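The primary structure of each chain is shown beneath.
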Amino acid sequence: NFSISILTLFMATNDLMMELQKDSIKLDEDSEKKVVKMLLKLLEDKNGEVQNLAVKCLGPLVGKVKEYQVETIVDTLCTNMLSDKEQLRDISSIGLKTVISELPPASTGSTMTANVCKKITAQLTGAIGKQEDVSVQLEALDILSDMLSRLGGTLYSFHSSILNCLLPQLTSPRLAVRKRAIIALGHLVLTCSGNIFSELTEHLLSELKRNESTSTTRTYIQCVAGISRQAGHRVGEHLEKIVPLIVQYCNVEDDELREYCFQAFESFVRRCPKEIDPHIPNVMGLCLKYITFDPNYNYDNEEEEMMETENGEDEEQESDDEYSDDDDISWKVRRSAAKCLEAIVSSRHDLLQDFYKTLSPVLISRFKEREENVKADIFSAYISLLKQTLPIQSWLHASDASGKDDVPLTMLQNQVPNIVKALHKQLKEKSIKSRQGCLSLLTELANVLPGCLADHIPALVPGIVFSLADKSSSSNMRIDTLSFLHVLLCNHQPEVFHPHIKSLVPPVVTCIGDPFYKITSEALLVTQQLVKVIRPLDKSCSFDAKPYVKDLFPATLKRLKAADIDQEVKERAISCMGQIIYNLGDHLSTDLQPTLKIFLERLKNEITRLTTVKALTLIASSPLKIDLRPILGEGFPILASFLRKNQRALKLSTLTALDILVKNYSDSLKPAMIESVLTELPALITENDMHVSQVAIVFLTTLAKVYPSCISKISSSALAEVFQLVHSPLLQGGALNAIIDFFQALVLAKAATMCYSELMKQLTAPVYSSGLAGASLTLHKQAYYSVAKCVAALSSACPKEAPVTVNQFIQDVKNPKSSSAVKVLAFLSLAEIGRTMNLSAQRELKTVILEAFTSTSEEVKSAASYALGNVSVGNLKEYLPFMLKEIVTQPKRQYLLLHSLKEVISSSPANGLKPYVEDIWALLFKHCECTEEGTRNVVAECLGKLTLVNPSELLPRLKKQLSSGSPHARGTVVTAIKFTIADQPQPVDALLKGCIGDFLKTLQDPDLNVRRVALAMFNSAAHNKPSLIRDLLSAVLPSLYNETKVRRELIREVEMGPFKHTVDDGLDVRKAAFECMYTLLESCLDRLDIYEYLNHVEDGLKDHYDIRMLTFIMLARLSTLCPNAVLQRLERLIEPLRATCSTKVKAGSVKQEFEKQDELKRSAMRAVAALLTIPEVEKSPAMAEFSSQIRSNPEMASLFESIQKDSASLPTSESMDMS
């Protein structure tokens, strides 16, 4: 009977729980009381199961009943927590945690949370203070921590009493109590006020100075470390006092104390990088001293011992017993020192050279560490050092190669022999963990310094073979070994492996046959690389690969044939076999054809087709001229059908494959095959996907060259699409060049259907058909340039036809009935033709161009000026002096003539310009103070590009002009410098580096406009050639930051009718300054004091619309680049974001205002989403509160969701796959 009643009770409670979880349930006051009373009674039930269910009911109940009922529940639970019955205590503390986790966050504005928390806190601090029963204390501390971490801000008024209750616990006789008190303090410092924080720090400092007993001192140091981990940004200002004390305790003979000292240092290095800076040398010295601290073990006789017994196994057994010293905890000191070193290495890129001098040799000497855990951390610290040394492979730093960045690499190169010496024996040790550590380190090393292990391959191969063949190796061990071998094979010259192929091939082949798919997959990757090494086709090589084909080929073939294997294995087997046929196809004799037939099968399967297309492309390009005839008949139509599939990567790869097949196998293809492909091409040529169009047109060009007979077919099918593309506003770059090559191939093939005049007619038809003289441009401006370039390309391919064409264009321009569209095209075409062809035979050309300068149409004027410039490039002697004379005598046409001059300077070879430099220079300086900003900009561009003709002489002249009187002239000179900076290395760079500092001084110019152009120049340097300014940043940054401030004196009121409108003249300069700051993030992050930088970002977050938009983007970028610094400033950064996200636009505002605010909110929300990706961000109360505010506000919540969706849909594999 008893058991039945328990069961009914259990079922009833379960039903109650189900009911409570429904949203629809509403309780009246009476039933509320009953339910609460009953549940509290059930909590004291004898049966554990019933108790557990009752606790689970508490959660849903909190949100359903009135506040005073929740208080009743909490009171009862707190009282029960102090009970003598252990089971009741446990269940009550679980109950309290459940209630706390269900309380609504403070941001929802509910008062209940505050009141309930206050009740609980008062009871808990009491319970902790009584110190009667340790288990009660521990539970109470645990619950307090929970509450502080979730609702710390709500308990504001209790912070002081919580602190007073926690501090005495740090001296509790029970270590577990101390530990939990430290955790609670860690949560408290996240939200407490500055005063309370200072009180806590003062207390810790005075206790550390008193040093009553080593045991409490340990606890206080642990507490400092714990607080620094949670709220490093607050500890920073007290470090001056803290660090010397901890340094002092490192020298006390107590290993645990030392361990805690190093843990504290580590948390300072990671959390207060700026404040710990002056102490780094000291801390590093201590780490290096104690990482070798192993008083109870003698490492001296190690070397000889290893020599005597190679396997060294029987030795190990004895030595383990001999030194089994359970009391020896010196390893903890070594481990914490290693971890601290890792923190220093990973956060101080600027000290790399020091690291290689002092730290690297010590770490290498410790690779022999006997404790596995410590060794893992030593490896990990060294891997961090290697990662920091990895040269930044990007255009940004290409020009830094002046040798500064190579120093650490050279230092590392010299230490490689020691590294290998310390590791190669360990590759054969029993311990899997230490072998894996060695391999990760060597893998990183091979990536950082490709080729550095070339001399050490003989030392490494035995270890690799051992780990692959060893029966005791785990799967992960084998995978790590294979992936190391892969990196090794990729990063070194083939010759160094040739003596070892014999021992490497068998274990790799065994791994291809391994039952575990991950090992197979890795082994296939290695084999693919191995094949390239055995027989490199790009250089002569005496190594005989033939003996190894019989091992590698069958093993790969078996995997290629198997149908039921993992997707990755399928793909890698295809790629690997492709590589085998490419490099060794001539050794396969009768096996070749059956294997190619398998490729045909794989081509028909949707899952493997893309990989197979890539493999076939490789095989078709093999210098061994593999015979593909047997599969072309069936394969070609399949490839043609892929061009219809809706998979971009497949289309691109297929076009590349077809292109190489047509080039290398033209005699084996039948006309029908070619036609099957041709019908698919027109659909691919469209402005919606320029890259696919480009590849398709390149393929068409190949077809036109290899099979002139199919040109009539091309002209009837694909040509219309190509013309449409020429007339598209989106055409440029690669696709345009592909079209130009295609047209030239067409006229050179001399096919009857596609002659020069026919192509010309179709190219220019849309312009000529546009009709009357008054009509404006029909096509987009870009299209005229594209057509003109095609016209010029055709003329250069058929030089006999060119004079007639040129004449026709001149007539078109003279004809008063021509529309402006026709004139624009004529001038642009003359420009493109004249740039490479001397048009001096055309007597009327000059007059025709100059007359056009007075045209009523702006488009015609600018096309004429472009024409004059480019025609001059083709004939400097005749045109340039004439142009300079015109600039002097025709002030009205000056602007257009200067544009022509700019074309001449940009496009002419330097030695052609040299004789005219002085005249041009003098002329430009006459105009650099012109009042028109547009003219000044053109003059500046001319000056900058002219300086490149003879930098050593002209750059100093520009510098001289800096001291000139008028702001206009200074601005022009600074802008000119902007045009000398390009993202490619050039001769001017070394000179610029020497004097750019003088030009940057204009950042302090009294004139607003000069400062603005100086910022633009600085931005250009930071973006295109960071090496110019990296070393000047310490001097330049103060001026840059100065420009981010709002200047009251530049804000004025303008009356517009009845309205007053404020204008901020300083906005453009501030915008330019913030743009520079953003650029520096990408190119010079390691040279910025990020905390100083964040101060200005913070100001920008409260600035004008444009600047807020910029700083939101900066903030998102900062979250990924330096998350720790952002975390420290979170409180201050969130406020402006919250303000933006919750602004309301005034009703009745204009539509633009609504759109503007909407864009701002989206941008702010993107920044919030980026902040939320920072690890540990949820620990910040401000962030937790803000994110719950977002969730509870429908408008913000939906905005946030849409941002999440956007970011999720961006980098999918499909759009990223450009191969």
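On a predicted model such as this, the values are computed, not experimentally measured, just so you know. (Residues numbered from 1 in each chain as written. Predicted model: local features only at pLDDT ≥ 70, side-chain atom pairs only at ≥ 80, totals over all residues. Heavy atoms only, no water.)

## Considerations on the overall build of the protein
Looking only at helices and strands, the protein features 63 helices and two strands. Along the first, second and third principal axes, the C-alpha set of the protein runs to 115 × 95 × 70 Å. Taken over 1219 residues, the protein has a buried fraction of 53%. The long-range share in the protein, meaning contacts at least 24 apart out of those at least 6 apart in sequence, stands at 74%. In the protein, 135 side chains carry a positive charge and 149 a negative one; their mean positions are 6 Å apart. (Helix = DSSP H or I, 4+ residues; strand = E, 2+ residues; numbered from the N terminus. Buried < 20%, exposed > 50% of the residue type's maximum accessible area, 1.4 Å probe, protein only. Contact = heavy atoms within 4.5 Å. Lys, Arg positive; Asp, Glu negative; His and termini not counted. Charge placed at Lys NZ, Arg CZ, Asp CG, Glu CD.)

## Observations regarding the side chain of Arg970
Here Arg970 lies in helix 51 (residues 967-978). A polar contact is formed between the side chain of Arg970 and the side chain of Asp1005, at a distance of 2.6 Å. Apart from the residues within four sequence positions on either side, Arg970 is in contact with Leu962, Ser964, Gly965, Asp1005, Pro1006, Asp1007 and Val1010. (Polar contact = N/O pair within 3.5 Å; in protein donor to acceptor, adjacent residues only side chain to side chain.)

## Concerning the packing of aromatic side chains
Each pair of aromatic rings is reported with the distance of its centres and the angle of its planes. If you walk through the whole model with that rule in mind, you get 11 aromatic pairs. With a centroid separation of 5.3 Å and 55 degrees between ring planes, the pair formed by Trp921 and Phe925 is classed as tilted. Residue Trp921 and its partner Phe925 are located together in helix 48 (residues 917-927), separated by four residues, close to a single helical turn. As far as burial versus exposure is concerned, Trp921 and Phe925 are alike and both buried. Feature note: the residues Phe262, Phe265, Tyr290 and Phe293 constitute an aromatic cluster, connected by ring pairs. Over the ring of Phe882 we find Lys846, and its NZ or CZ is 4.8 Å from the ring centre. Looking at Lys1156, its charged tip hangs above the ring of Tyr1105, at a distance of 5.0 Å from the centre. (Phe/Tyr/Trp six-rings, centres within 6.5 Å; stacked < 30°, edge-to-face > 60°. Lys NZ or Arg CZ within 6 Å of the ring centre and 35° of its normal.)

## Brief notes about the state of the cysteines
The final tally for this structure, using the stated rule, is zero disulfides. Cysteine Cys78 remains unbridged, with the sulfur of Cys117 as its closest cysteine sulfur at 11 Å. (Disulfide = S-S within 2.5 Å.)

## Remarks on the pattern of salt bridges
According to the stated counting rule, one finds 60 salt bridges in the structure shown. Between Arg218 and Asp254 there is a salt bridge, and its shortest N-O distance comes to 2.8 Å. Linking Arg218 in helix 11 (residues 214-235) with Asp254 in the loop between helix 12 (239-250) and helix 13 (255-271), this pair joins segments that are 36 residues apart in sequence. Residue classification places Arg218 among the partly exposed positions, given a relative accessible area of 22%. (Salt bridge = Lys/Arg side-chain N within 4 Å of Asp/Glu carboxyl O.)

## With respect to the nonpolar core
Grouped together as the largest cluster of nonpolar side chains are 414 residues, with contacts concentrated most on Phe265, Phe268, Tyr382, Phe743, Phe827, Leu901 and Ile1029. When neighbours within four sequence positions are excluded, Phe265 is seen to be in contact with Val243, Ile246, Val247, Cys250, Val283, Leu286 and Cys340. (Core = buried A, V, L, I, M, F, W, Y, C linked by side-chain atoms within 4.5 Å.)

## Quick look at helix 33 (residues 648-664)
For an α-helix, 3.6 residues make a turn, and residues three or four places apart therefore share a direction. Between the first and last C-alpha of helix 33 there are 25 Å, a value that for 17 residues agrees with the 24 Å anticipated at 1.5 Å per step. Burial analysis of helix 33 places 12 of its 17 residues in the buried class, which makes it a mostly covered element. When helix 33 is considered as a whole, its buried residues turn out to be Ala649, Leu650, Lys651, Leu652, Ser653, Thr654, Leu655, Ala657, Leu658, Asp659, Leu661 and Val662. (Expected span 1.5 Å × (residues − 1).)

## Concerning the packing of helix 39 (residues 756-768) against helix 41 (residues 802-814)
At a minimum axis separation of 13 Å, helix 39 and helix 41 run at an interaxial angle of 20 degrees. By the angle class used here, helix 39 and helix 41 are roughly parallel. With respect to the hand of their crossing, helix 39 and helix 41 are arranged in right-handed fashion. Contacts between helix 39 and helix 41 involve Tyr756, Met760 and Tyr768 on the former and, on the latter, Ala802, Thr805, Phe809 and Asp812. (Axes fitted to C-alpha atoms, helices over the stretch in contact; angles between N-to-C directions. Parallel < 35°, antiparallel > 145°, perpendicular 65-115°, else oblique. Left-handed = near helix turned anticlockwise from the far one by under 90°.)

## Digging into helix 19 (residues 352-365)
Here helix 19 spans 19 Å end to end across 14 residues, near enough to the 20 Å set by a 1.5 Å rise per residue. The largest bend in helix 19 amounts to roughly 45 degrees and is located at Leu359, with the proline Pro361 lying one to four residues further along. The set of residues buried in helix 19 consists of Leu352, Phe355, Tyr356, Leu359, Ser360, Val362, Leu363 and Ile364. In the core, the buried residues of helix 19 are packed alongside helix 15 (280-290), helix 18 (330-347), helix 20 (372-389) and helix 22 (406-423). (Bend = angle between axes of the 7 residues up to and from the residue.)

## Comments concerning the pairing of strand 2 (residues 1059-1064)
Burial analysis of strand 2 places just zero of its six residues in the buried class, which makes it a mostly uncovered element. As judged from the six bridges shared by strand 1 (residues 1051-1056) and strand 2, these two strands associate in the antiparallel manner. From the neighbouring strand, Glu1055 faces strand 2, where its bridge partner is Lys1060. What sits between the antiparallel neighbours strand 1 and strand 2 is a turn of two residues, in which Gly1057 has the positive phi angle 60 degrees. (Pairing = 2+ DSSP bridges.)

## Quick notes on the environment of Ile740
Looking at the element boundaries, Ile740 is found in helix 38 (residues 733-748). Along the backbone, Ile740 and Ser786 are 46 residues apart, and their C-alpha atoms lie at a distance of 9.3 Å. Once residues lying within four places of it in the same chain are set aside, the contact partners of Ile740 are Lys789, Cys790 and Ala793.

## Some remarks on the confidence of the model for the protein
Averaged over every residue, the pLDDT of the protein is 84; the share at 70 or more is 92%. Long-range and interchain partners of residues 394-403, a stretch whose pLDDT sits below 50, account for 15 contacts in this model, where long-range means more than four residues apart. (pLDDT = per-residue confidence, 0-100.)

## Notes on unusual backbone geometry
Only a minority of non-glycine residues have a phi that is not negative, and only a minority of peptide bonds are not trans. Its identity as a non-glycine residue notwithstanding, Ser589 has a phi of 40 degrees, on the positive side. As for its placement among the helices and strands, Ser589 is situated in the loop between helix 29 (567-584) and helix 30 (592-603). On the basis of relative accessible area, Ser589 is assigned to the exposed category, the value being 58%. Phi angles above zero are rare outside glycine, and Lys625 is one such case at about 50 degrees. Tracing the sequence through the fold places Lys625 in the loop between helix 31 (609-620) and helix 32 (629-642). Residue Lys625 is classed as exposed on the basis of its relative accessible area, which comes to 69%.

## Re the packing of helix 52 (residues 988-1000) against helix 53 (residues 1008-1024)
Across the interface, helix 52 lies against helix 53 with an axial gap of 10 Å and an inter-helix angle of 150 degrees. Classified by the angle between their axes, helix 52 and helix 53 sit roughly antiparallel to one another. Between helix 52 and helix 53 the crossing geometry is left-handed. Residues Ile996, Phe999 and Leu1000 of helix 52 pack against Met1017, Phe1018 and Ala1021 of helix 53. Residues that form the contact of helix 52 with helix 53 fall into these classes: six nonpolar, no polar and no charged. (Nonpolar A, V, L, I, M, F, W, Y, C, P; charged D, E, K, R; others polar.)

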